[in-house]
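Chain and residue survey
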Amino acid sequence: MTEQTEAAAPRNVDFVPLGEPADWASRGIALESAQKWGFTRSELNGQPVRLFNYRNSASQLVWQKVRFAGKDFRSKGNKEDMCLYGMWLWRDGGKRVVIVEGELDAISLSQMQGHKWPVVSIPNGCDGAAKALRKHLNWLEQFDEIVLMFDQDEPGQKATDECKVIPFTPGKLRIASLPLKDANEMLMAGRIKETIDAIWGAKVYRPDGLVSIDDILEDALEDPVIGLPWCFEELTKHTYGRRLGEIYGVGAGTGIGKTDFLMQQIAFDVNELKEVVGAIFLEQKPKETAKRAAGKFAGKRFHVPDGSWTKDELRRALEEMRGKVYFYDNFGQTDWELVKGHIRYMAVTLGVRIFYLDHLTALAEDNDELGVIMKELAGLANELNIIITFVSHLATPDGKPHEEGGRVMIRHFRGSRSIGFWSFFMFGLERDQQHEDPIIAATTIFRILKDRFTGNATGKTINLGFESETGRLFVRDDDPFKDKDAREHGFSNESDDDLPF
């Protein structure tokens, strides 16, 4: 008997007779290890059992885990005062302590290290791992390194994750991985050197999201590149293109042309970039969205019954979009969870990288809900490495209405605080629809309200004209606002026909 097994036990506990230390050849456990750990063989009700004897800090026997043949376990004693299994064997503090999931693993690892280095195990399996370690945190904190070597199966790794949040001193906790399930399997396979290497090679735990220069050095050395272009070259120059993982907000008054802008962008993405696009238009039926998008493909206003196009032209344009644009039929429902699921499906299954959402505010009843949606929208774009451009309705401004050329500001976006926080770029479209000068009435100011990428584009504007015949927006070469006086005196050759819609 070792000194530990002879220590007095608390009264009124009907422990199983301790028996004698015994080897366990089929599990690779030597007699010397059984003696060191007080791992004994005994009998209970005429049946042979093996005993894992737990002790308190005074080395008194307080709890027994009784193992019958066939891995059937019982227990006796009081858990309240017991230590981690094996804790009483080691002095307080030192270079390193390794924590494993089961008693047999602790004995196995101790044997592989010649019983020279502290090893302990949790008493109640992986479900109680975090609670057990918290209880003995002060003892564990006396060591320079605390190494977790739990089982490599799913429950063991789940327990590892749960123990990571225990408030160990930063830099002490390390995570060891094994090629087999646990330390006992490594012992039985004779892979002792690999086990020791796993301890020495255990990685310092660092919370998710923290990286060092070494982690990102190669990525940081990559040359910056221009992202995917916009349909307007000037906008691409100002923004350096669109980058995967980002979200962009567009705001405008009623009838200003924000939907036309999205449709033209969809046509550009499909025709010029050969991208597959996801179109989520919550206040427009898919057939209407398809007609408008097809019109941008063909340069026809298929949604307008003006006799300027034929059904064959519409059919050809729609067939050009086959497999290139996926629409979302919301059946009158505007539920963010449904929309989120469809975005994920299109990205993962259909390979869609560019999404358009019109409009965001249809998904939220109030600003708090909109804030949650914006956070998840940005997270979804980052996770799936996609681009999401969304439309937001605007609040009524003080002063001139947006439909009469009132300037769009970030604070006009409904839920502006969350939209402004999560968006990488924000754009406002302005046009005085009722202006007496038809050129100005047909000109949309495309204003960059926010530029997170460089900040240089904030405040930049682009003047967009509208071709009535093709239904397409274009960048004006002139400045109709500066040339207004000249036109009033008859010095302009601009056509009055280019009125939108």
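Structure: see above.
In this text the structure is predicted, and so the values were computed from the model without any measurement. Residue positions are counted from 1 within each chain, in the order its sequence is given. At least 70 in pLDDT is required for a residue's local features to be given in this predicted model, at least 80 for side-chain atom pairs to be given and counted, and no such filter applies to totals for whole chains, interfaces and linings, which use all residues. Note: side-chain values were computed over all heavy atoms of the structure, leaving out hydrogens and water.

**Focus on the packing of aromatic side chains**
Selection criterion: Pairing of aromatic side chains here covers Phe, Tyr and the six-membered ring of Trp, requires ring centres within 6.5 Å, and sorts the geometry by plane angle: under 30 degrees stacked, over 60 edge-to-face, intermediate tilted. Burial classification: accessible surface area is computed with a 1.4 Å probe over protein chains only, and a residue below 20% of its type maximum counts as buried, one above 50% as exposed, and the rest as partly exposed.
Following the criterion strictly, the structure yields 21 aromatic pairs and no others. Note on Phe425 and Phe427: the rings are 6.0 Å apart at their centroids and 15° apart in plane angle, and the pair reads as stacked. By the burial criterion, Phe425 is buried, and Phe427 matches it. Each member of the aromatic cluster is reached from another via a ring pair, and the members are Trp24, Trp37, Phe39, Phe52, Tyr54, Trp63, Tyr85, Trp88 and Trp90.

**Digging into the sheet that holds strand E5 (residues 72–77)**
The condition that has to hold: Strand pairing is assigned whenever DSSP detects at least two bridges linking the two strands. Counting from the N terminus, the helices are DSSP H or I runs at least four residues long and the strands are E runs at least two residues long.
Ordered by their spatial adjacency, five strands build an open sheet running E1-E2-E3-E4-E5, and the pairing between neighbours is antiparallel. Looking along the sheet, the strands with just one partner apiece sit at the ends: strand E1 (20–21) and E5. As defined by bridge partners, strand E2 (residues 40–44) adjoins strand E3 (residues 47–55) across five bridges and the pair is classed as antiparallel. Paired with Ser42 across the two strands is Val49, which belongs to E3.

**Side note on the packing of helix H12 (residues 286–298) against helix H13 (residues 311–320)**
Packed helices, taken two at a time, are described by their axes: the angle between them and the distance between them. Just so we agree on the cut-off: Fitted lines through C-alpha atoms serve as axes, helices being fitted only where they are in contact, and the angles separating the N-to-C directions of these axes extend from 0 to 180 degrees. Reported orientations rely on four angle classes, namely roughly parallel under 35 degrees, roughly antiparallel over 145, roughly perpendicular from 65 to 115, and oblique for the rest. By definition in these notes, contact holds between two residues if any of their heavy atoms fall within 4.5 Å. Only Asp, Glu, Lys and Arg are considered charged in this grouping, and only Ala, Val, Leu, Ile, Met, Phe, Trp, Tyr, Cys and Pro are considered nonpolar; every other residue, Gly among them, is considered polar.
Remark: H12 packs on H13, axes separated minimally by 9 Å, with the N-to-C direction vectors making an angle of 95°. By the angle between their directions, the pair H12 and H13 is classed as roughly perpendicular. On H13, the residues that touch Ala290, Lys291, Ala294 and Ala298 of H12 are Leu314, Ala317 and Leu318. Within the contact of H12 with H13, the residues separate by chemical class into six nonpolar, no polar and one charged.

**Things to note about helix H8 (residues 192–200)**
What counts, and what does not: Here, the arc refers to the directions that run from the helix axis to the C-beta atoms.
Restricting attention to buried positions, one finds in H8 the residues Thr195, Ala198 and Ile199. Buried positions in H8, seen along its axis, are confined to an arc of 100° and lie on one side of it. In H8, the exposed positions angled more than 90 degrees off the buried face are occupied by Lys193 and Trp200.

**Overview of the nonpolar core**
The line we're drawing: Working definition of a nonpolar core: buried Ala, Val, Leu, Ile, Met, Phe, Trp, Tyr and Cys residues. They are joined through side-chain atoms within 4.5 Å.
Among the nonpolar cores identified, the biggest contains 57 residues, and Ile99, Leu109, Leu133, Leu140 and Met149 are the most heavily contacted of them. The residues touching Met149, leaving out its near neighbours within four places in the chain, are Val98, Ile99, Val100, Glu101, Leu109, Ala176, Leu178, Thr195, Ala198 and Ile199. Within the second largest apolar cluster, 41 residues are counted, among which are Leu262, Leu314, Ile354 and Leu429.

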